[in-house]
Amino acid sequence: MAANAGNKIRNAKLVLLGDVGAGKSSLVLRFVKGQFVEFQESTIGAAFFSQTLAVNDETVKFEIWDTAGQERYHSLAPMYYRGAAAAIVVYDITNPASFTRAKKWVQELQAQGNQNTIVALAGNKADMLDARQVPAEEAKAYAQENGLFFMETSAKTAINVNDIFYEIGEMSTILNLLVWAVHGLRISCTAKKLLQGQQAPSPQAGMVLNQRPNERTVSSSSCCS
Ligand SMILES: Nc1nc2c(ncn2[C@@H]2O[C@H](COP(=O)(O)OP(=O)(O)OP(=O)(O)O)[C@@H](O)[C@H]2O)c(=O)[nH]1
Ligand SMILES: [Mg+2]
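Residues numbered from 1 in each chain as written. Chains lettered and ligands numbered in written order. Predicted model: local features only at pLDDT ≥ 70, side-chain atom pairs only at ≥ 80, totals over all residues.

**Structural notes on the site of ligand 1**
What counts, and what does not: To decide whether a residue is near a molecule or strand, its C-beta atom is placed from the backbone and checked for lying within 6 Å of it. Numbering goes from the N terminus for both helices and strands, where a helix is a DSSP run of H or I of at least four residues and a strand is a run of E of at least two. Here the term charged refers only to Asp, Glu, Lys and Arg, the term nonpolar to Ala, Val, Leu, Ile, Met, Phe, Trp, Tyr, Cys and Pro, and the term polar to all other amino acids, Gly among them.
Ligand 1 sits among 24 residues. The nearest are Gly23, Ser25, Ser26, Thr43 and Gly69. Sort the elements by how many residues they give to the shell around ligand 1 and helix H1 (residues 24-33) lands first, with three residues. The residue inventory of the shell around ligand 1, partitioned by class, reads seven nonpolar, 12 polar and five charged.

**Focus on the sheet that holds strand E4 (residues 86-92)**
Threshold: Strand pairing is assigned whenever DSSP identifies at least 2 bridges connecting the two strands. Axis angles are defined between N-to-C directions and span 0 to 180 degrees, where every axis is a line fitted to C-alpha atoms and, for a helix, only to the segment in contact.
Across the sheet, which stays open at both edges, the six strands sit in the order E2-E3-E1-E4-E5-E6 with mixed pairing between neighbours. Every interior strand has two partners, whereas the edge strands, strand E2 (46-55) and strand E6 (149-152), have only one. When strand polarity is set aside, the average angle formed by the axes of neighbouring strands in this sheet is 25°. Both strand E1 (residues 8-18) and strand E3 (residues 58-67) contribute to a ladder of nine bridges, which runs parallel. Across the sheet, the residue bridging to Leu16 is Asp66, located in E3.

**Details of the nonpolar core**
Our working definition: By convention the nonpolar core is taken to be a set of buried residues drawn from Ala, Val, Leu, Ile, Met, Phe, Trp, Tyr and Cys and joined through C-beta atoms within 7 Å. Using C-beta atoms placed from the backbone, we call a residue buried if 20 or more other C-beta atoms fall within 10 Å of its own, exposed if 12 or fewer do, and partly exposed for counts in between. Residue pairs qualify as contacts under a 7 Å threshold applied to their C-beta atoms, which are placed from the backbone.
In terms of nonpolar packing, the biggest core is built from 48 residues, with Leu14, Ala86, Ala87, Ile88, Val89 and Ala120 touching the most fellow members. The element that contributes the greatest number of residues to this core is E4, accounting for six residues. Ala120 has contacts with Ala86, Ile88, Leu148, Phe149, Ile164 and Ile168, leaving out every residue within four places of it along the chain.

**Considering unusual backbone geometry**
You will see that Lys125, though not glycine, has its phi angle at about 70°, which is positive. A positive phi angle is found at Ala158, which is not glycine, with a value near 80°. Looking at where Ala158 falls in the secondary structure, it is placed in the loop between E6 and helix H5 (161-199).

**With respect to the environment of Glu58**
Tracing the backbone through its elements, the reader meets Glu58 in strand E3. Between the C-alpha atoms of Glu58 and Lys8, which are 50 residues apart in sequence, the distance is 4.9 Å.

**Here we look at the pairing of E1**
Alignment of E1 against E4, held across five bridges, turns out to be parallel. Paired with Leu17 across the bridge in E4 is Val89.

**A closer look at the confidence of the model for the protein chain**
Formally: pLDDT measures the predictor's confidence residue by residue and takes values from 0 up to 100.
The share of residues in the protein chain with pLDDT of 70 or more is 80%, and the mean pLDDT across the chain is 85. Every residue in residues 201-225 is under pLDDT 50, and counting partners more than four places away or in other chains gives 16 contacts.

**Quick word on helix H3 (residues 96-112)**
Heads up, the condition is: Each residue after the first adds 1.5 Å to the expected span of a helix. For this quantity, the arc is that covered by the directions from the helix axis to the C-beta atoms.
Its 17 residues place the ends of H3 24 Å apart at the C-alpha level, agreeing with the 24 Å of an ideal helix rising 1.5 Å per residue. Listed as buried for H3 are Ser98, Phe99, Arg101, Ala102, Trp105, Val106 and Leu109. One side of H3 holds all its buried residues, which, seen down the axis, span an arc of 160°. Turned more than 90 degrees away from the buried face of H3 sit Thr100, Gln107 and Ala111, all of them exposed. Tucked into the core, H3 has its buried residues touching E1, helix H2 (77-81), E4, strand E5 (118-124) and helix H4 (136-145).

**So, H1**
In terms of residue burial, H1 counts as a mostly covered element, since eight of its 10 residues are buried. Taken together, the buried positions of H1 are Lys24, Ser25, Ser26, Leu27, Val28, Leu29, Arg30 and Phe31.

In structure tokens, the structure reads:
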């Protein structure tokens, strides 16, 4: 699934958040190296990985921060999710406490994170259906209410692992295009206003301007009509 197609390369910072043992490192290991280990060591601080993915006609280079779920590392998290294009909040479908913890992460992201960060919720260990304690419907409803992208995954069997990264890549491509479209619109509005300003009659010689003209705020809805 690694990229070798696509002309443009776009970097996308991605962070994984979630409870201890939810499977964050295992998901990254599966996505980046195609491997799974039964006894994955608990992450200390955070670990960095990168992986590229061909998404439509571009190559997305994910810069992945795999954070530690242990509470003592919580204060480091903003460093990793700030400015991230996407966050995957991971819980373990066999562990309701990890789902509660995931909701706390979502709240924190909504309160502190970038408005443009794509947030995905991953119900991991989907291979352990007999031990399931978090119904998929409950997580799906929660995700819908909170505008999150939701998938159940298994780092062990690889179910939906590439898919969740691919979906994020695709969403970030669309979001990126929208941001550029809005940016382009702003530039063309500003240019138009500047041109209009140049065409306006200049003040007569000796005329005193008592007031500074109001600062113009460019808004896509108010200009260019
Ligand atoms: N059956 C099953 N086990 C998994 C899966 N993903 C992870 N595990 C196991 O769960 C344990 C914890 O996985 P990690 O990937 O270390 O979890 P983590 O979220 O990175 O944990 P911290 O680094 O402590 O925050 C390991 O023993 C993994 O082998 C999965 O999809 N299915
Ligand atoms: Mg880990």
